[in-house]
Amino acid sequence: MRSETYGPGRMTMTEADVVVVGAGFAGLAAARELTERGYDVVLLEGRDRVGGRSYTGTVAGLPLDLGGTFVGPTQDAVLALAAELGCPTTPTFHHGRNLINWRGKVRSYSGTIPSLSLPSLLNIGRIRWQFARVARGISVTEPWTSTRAKELDAITLEDWLRSKRASSSTLDLMAIMARVTWGAEPSQVSMLHALRYVKAAGGLDRMLDVTGGAQQDRFAAGTQQIAVKMAEQLKVVLGATVSAIDHDDTGVRVTSTAGTIAARAVIVAIPPQHRAGITFGPGLPTEHQQLIKQWPQGSLSKAYAVYDTPFWRAAGCSGEALSDTGPVFITFDVSPDDGRGVLLGFVDAREFDGLPETERRQRALAGFAALFGDAALNPVDYLDFRWGTEPFAPGGPTAAVPPGSWTAVGAWVRRPVGRIFWAGTETADEWTGFLDGAVRSGLRAAGEAAEQLVTS
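Conventions adopted
Numbers given for residues are sequential positions, taken from 1 along each chain in its written order. Owing to the predicted nature of the model, reporting of local features is limited to residues with pLDDT of at least 70; listing and counting of side-chain atom pairs is limited to 80 or more, with chain, interface and lining totals taken over all residues. Computation of side-chain values covers all heavy atoms of the structure but excludes hydrogens and water. Between any two strands, at least two bridges found by DSSP are needed for them to pair. We count a stretch as a helix when DSSP gives it H or I for four or more residues in a row; a strand needs E for two or more, and each element gets its number in order from the N terminus. Fitted lines through C-alpha atoms give the axes, limited to the stretch in contact for helices. The angle between two N-to-C directions lies from 0 to 180 degrees. Salt-bridge detection follows one rule: a side-chain nitrogen of Lys or Arg within 4 Å of a carboxyl oxygen of Asp or Glu. The buried label applies to any residue whose accessible area, calculated with a 1.4 Å probe on protein chains only, is under 20% of its type's maximum; exposed applies above 50%, and partly exposed to all values in between. Cavities and pockets were defined on a 1 Å grid built over protein atoms only: a cavity is a set of grid points that admits a 1.4 Å probe from which the probe cannot escape, a pocket is an open set flanked by protein on both sides within 12 Å along at least five of seven lines, and lining residues are those with an atom within 4 Å of any such point. Grid points are joined across faces, edges and corners, and a volume is the space filled by probe spheres set on the points. Basically, the charged four are Asp, Glu, Lys and Arg, the nonpolar ten are Ala, Val, Leu, Ile, Met, Phe, Trp, Tyr, Cys and Pro, and anything else, Gly included, counts as polar. Should any heavy atoms of two residues lie within 4.5 Å, those residues are counted as being in contact.

**Side note on the sheet that holds strand β16 (residues 301-307)**
- Reading across the sheet, the 7 strands line up as β9-β8-β17-β18-β19-β16-β20 and stay open at both edges, with mixed pairing between neighbours. On the outer flanks of this sheet lie β9 (105-109) and β20 (381-386), each paired with one strand and no other. On average, adjacent strands in this sheet sit at an angle of 20° to one another, irrespective of strand direction.
- Two elements, β16 and β20, share 6 bridges in a ladder whose sense is antiparallel. Residue pairing for β20: S301 is matched across the bridge by R386.

**Thoughts on unusual backbone geometry**
- Here the bond from G326 into P327 is cis, since omega is 5°, no more than 30 degrees from zero.
- Going from G396 to P397, the amide bond is cis rather than trans, its omega being 15°.
- Examined against the element boundaries, P397 turns out to sit in the loop between β20 and α13 (405-409).
- Its identity is not glycine, yet T74 carries a phi of approximately 75°, on the positive side.

**Details of the pattern of salt bridges**
- On inspection of all chains with the given rule, the structure shows 24 salt bridges.
- Linking D333 and R313 is a salt bridge whose minimum nitrogen-to-oxygen distance equals 2.8 Å. Of this pair, D333 sits in strand β18 (residues 328-333) while R313 sits in helix α11 (residues 311-314), and the two are 20 residues apart along the sequence.
- Residue D333 is classed as buried on the basis of its relative accessible area, which comes to 1%.
- E448 serves as the salt-bridge partner of R444, at 3.3 Å between the closest nitrogen and oxygen. Here R444 pairs with E448, and both are found in helix α14 (residues 435-455), just 4 residues apart, close to one helical turn.
- Salt bridges sharing partners connect three or more residues here, namely R179, E185, D348 and R350.

**Details of empty space enclosed by the protein**
- This structure, assessed with the given rule, holds 2 cavities of 30 Å³ or more.
- Counted as a void, the largest cavity has a volume near 60 Å³.
- If you go around the largest cavity, the residues you meet are P63, L64, D65, T69, R218, F219, A220, G222, Y304 and V334.
- It is strand β5 (residues 62-65) that provides the largest number of residues to the lining of the largest cavity, a total of 3 residues.
- Looking at the lining of the largest cavity residue by residue, the class counts come to 6 nonpolar, 2 polar and 2 charged.
- Each pocket or cavity is described by its volume, and for the second largest cavity that value is around 30 Å³.
- What lines the second largest cavity is simply H193, W295, T398, A399, W406, E426 and T432.

**Let's talk about the environment of L453**
- With respect to the helices and strands, the residue L453 is situated in helix α14.
- Spatially, the C-alpha atoms of L453 and A265 are 7.6 Å apart, while their sequence positions differ by 188 residues.
- Setting aside chain neighbours within four positions, we find L453 in contact with D17, V18, Y39, R264 and A265.

**With respect to the sheet that holds strand β7 (residues 90-91)**
- Taken in spatial order, the 3 strands of this open sheet run β6-β10-β7, and their pairing is antiparallel. Across the chains shown, the open sheet's two edge strands, defined by having one partner strand only, are β6 (70-71) and β7.
- Where β6 meets strand β10 (residues 217-218), 2 bridges bridge the pair, whose relative direction is antiparallel. Opposite V71, over in β10, you have D217 as the bridge partner.

Written as structure tokens, this is what we have:
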């Protein structure tokens, strides 16, 4: 298949069968699927790169993912795509003791949940059982129709935890889960959203675990290589920020900084919040307008430190750790096979993003050192990335949906408007918020658009 990837702001076409807005995994998957079906597709991307929230940077010459990183069992859509494109996975290192810095003391643990004390272990075990029990009654495809939908959507995850007498340790552990999952606090996320999201991932264990879970594997060359290889098969225009979509019964006109293109349909593959940057003519239905305001992105940052060796392994540590002291609250060992060591830290954006670069480095390394010792203070190289401060399409890893949103406007998160179709991991019913959900949503939107093209 011939590649027609244009340079920044360059577009030579004025007509196409379908325009796709956004060259993340969702938009690329949609454009690729429609192209393979024989349609003429143009993909418009506002950034100067493809990949969206998949972005592979370089630290000490190593490719490291600044956005989406891990994949695991049952994420069949993204794994099949990667295999087809020749992008192999590598296991996430997990041998040895996990560590937790908790209440001023570092201790070891194994498995998903730290054994902080018998009472705390019993408390979080009970809470997890009750969470799973309530989740069984939630519809993933139409959560607003669930029997207790209004009740659960009226409260936050924190409200529910407190109503079930969660201990302080359980509350703090669930806060860590919320930060890494949605880039938000339990007090900001609807309980209905939390239940639906976790169920779409196959449960808490599947979502949080390394072995058998969503962090089991990663791509040694980074996830963005998958996006780049997809783009090589497509017509992609970079630096093409879409400002307007005019639509009627016969087609659409998409206006961007690279020009205007007419098409028979458009797929908008960006987070719901970022749809606000596009003027639709005529305007979207009221529910869609409300959705844009009620589906905000979370905010999460990452920090990487590269060392001469993975020194923590010599001490019998896996590199996996949790901390109740910020800004680093979760770590993983993502070292390459060349003998060097790499620690990945997920960072609390609230107390990190506004700091100057030197202080961010100091605090992140101090967080690593609190877990793994003073050797962590002297890396070969360091890099952090703050998704909440991005000038274009800020926020991530996914939407942090607040109370009241699912029952008010959830039915419209992916409902087409005439010839406008919606994609993006936030619209997926499996692995919502993950790379796999993004691919699934693109394939689903491509099918919807193809059906429209056949019948019109």
